[in-house]
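# Results of the structural survey
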Amino acid sequence: MVKTAEELALMRASGRLLAQVFEMLDGLTLEGMSTLAVNDLVERYITHDLGARPASKGQYGFAYVLNSSINQVVCHGVPSAEDVIRDGDIVNLDITLEKNGFITDSSKTYIVGDASTGARRLVRVTREAMWKGIKQVRPGARLGDVGAAIEKHAKANGYSVVRDYCGHGIGREMHEAPNVLHFGRPGTGEVLREGMTFTIEPMINQGTRRVSTSEDGWTVVTDDGKLSAQFEHTVAVTRTGVEVLTLRAGRRSVESVPRRRPGPSFYNE
């Protein structure tokens with residue numbers, strides 16, 4: 001679980017490359033694109049432009065480089081030429097990248113076009129919940145502190161936290177110890193130590209926290225058909241606190257994306 005300084009340097013480099021993938025996506029007009037087209041674009045960018053490996057492709061038999069989860073899809077959405085991103089959608093893009101033997105993992109939920117006020121609020125609160133969790137990370141803190149902060153913020157805003165999926169340790173392997181729950185009680189759970197690296201990736205639902213897996217064996221959806229959103233970063237525990245390894249340049253990121261032409265990014269993440 002604990003990485004050496006040399007290993008952390010390699011993870012930091014992987015994280016910077018993954019941040020560049022999202023910075024590239026920030027300038028796109030997602031409306032009208034199929035999720036398979038987004039997948040193929042990301043694969044070319046990672047392999048050709050960045051000289052890295054999309055770590056999700058082939059993992060557990062998954063055939064694509066990203067998960068694309070639209071509206072009521074909670075996670076693990078499978079890219080498809082038939083799934084076209086439309087005005088008013090929210091879509092989470094979850095991407096992993098490996099460079100020099102080390103993997104980082106990140107995701108963000110994009111608002112496309114004229115989404116409803118309720119959809120925009122869910123996305124905002126989910127992003128805030130992730131950061132509430134990240135801010136708990138420091139040596140001596142406990143994983144329960146992270147989960148409790150996330151759950152408290154979600155519930156205070158009338159939302160539920162998905163419990164079936166969680167964050168995870170990461171490094172040479174996609175999934176390492178420990179599991180990082182997005183709910184819990186302060187002062188409980190594993191004690192954080194300098195050099196630990198893991199993801200924080202809350203999935204927040206408008207309605208029930210209960211979810212089901214579709215017939216394809218991958219796609220997870222809300223049981224009540226209401227919206228779900230997710231944000232994710234890979235973090236490292238430092239001597240004084242936390243380092244976000246997948247942070248975008250200048251903490252710049254998109255919550256809303258342009259409808260007809262590429263444009264500037266508006267929201268910090």
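The preceding data block contains the structure.
In this text, all values refer to a predicted model and were calculated from it rather than measured experimentally. (Residues numbered from 1 in each chain as written. Predicted model: local features only at pLDDT ≥ 70, side-chain atom pairs only at ≥ 80, totals over all residues. Heavy atoms only, no water.)

### Concerning the pairing of strand S13 (residues 233–237)
In terms of burial, S13 is largely enclosed, as 5 of its 5 residues are buried. Direction of pairing for strand S8 (residues 197–200) relative to S13: antiparallel, over a ladder of 4 bridges. Pairing of Phe198 across the sheet is with Val235, part of S13. Across 3 bridges, S13 lies against strand S14 (residues 242–244) in antiparallel orientation. (Buried < 20%, exposed > 50% of the residue type's maximum accessible area, 1.4 Å probe, protein only. Helix = DSSP H or I, 4+ residues; strand = E, 2+ residues; numbered from the N terminus. Pairing = 2+ DSSP bridges.)

### With respect to the sheet that holds strand S11 (residues 220–222)
An order of S2-S11-S10 is seen for the 3 strands of this open sheet, with the pairing classed as antiparallel. Edge positions in the sheet fall to strand S2 (73–75) and strand S10 (211–213), since each of these pairs with one other strand and no more. Pairwise comparison of adjacent strand axes, ignoring direction, gives a mean angle of 40° for this sheet. One ladder, built from 2 bridges, connects S2 with S11; its direction is antiparallel. By the bridge assignment, Cys75 is partnered in S11 with Val220. (Axes fitted to C-alpha atoms, helices over the stretch in contact; angles between N-to-C directions.)

### A look at helix H3 (residues 117–134)
Along an α-helix, residues three or four apart share an orientation, since each turn contains 3.6 residues. The terminal C-alpha atoms of H3 lie 26 Å apart, and with 18 residues this matches the ideal 26 Å at 1.5 Å per residue to within 8%. Here H3 has its buried residues at Ala119, Leu122, Val123, Val125, Thr126, Arg127, Ala129, Met130, Trp131, Gly133 and Ile134. (Expected span 1.5 Å × (residues − 1).)

### Description of the packing of aromatic side chains
The description of an aromatic ring pair rests on the distance of the ring centres and on the angle between the ring planes. For the structure on display, the rule yields 2 aromatic pairs. Seen from their ring centres, Phe62 and Tyr64 are 5.6 Å apart, and the 70° between their planes marks the pair as edge-to-face. Since its relative accessible area comes to 24%, Tyr64 is described here as partly exposed. Aromatic side chains Phe62 and Trp218 sit 4.9 Å apart centroid to centroid with 70° between the ring planes, which places their arrangement in the edge-to-face category. With Phe62 in the loop between helix H2 (35–49) and strand S1 (66–70) and Trp218 in the loop between S10 and S11, this residue pair connects regions lying 156 residues apart in the sequence. Accessibility expressed as a relative area gives 5% for Phe62, which makes it buried. Here a set of aromatic residues connected by ring pairs shows up, and it is made of Phe62, Tyr64 and Trp218. Here the basic side chain of Arg163 rests over the ring of Phe183, its NZ or CZ set 4.0 Å away from the ring centre. Sitting over the face of the ring of Phe22, Arg248 holds its NZ or CZ atom 4.3 Å from the ring centroid. (Phe/Tyr/Trp six-rings, centres within 6.5 Å; stacked < 30°, edge-to-face > 60°. Lys NZ or Arg CZ within 6 Å of the ring centre and 35° of its normal.)

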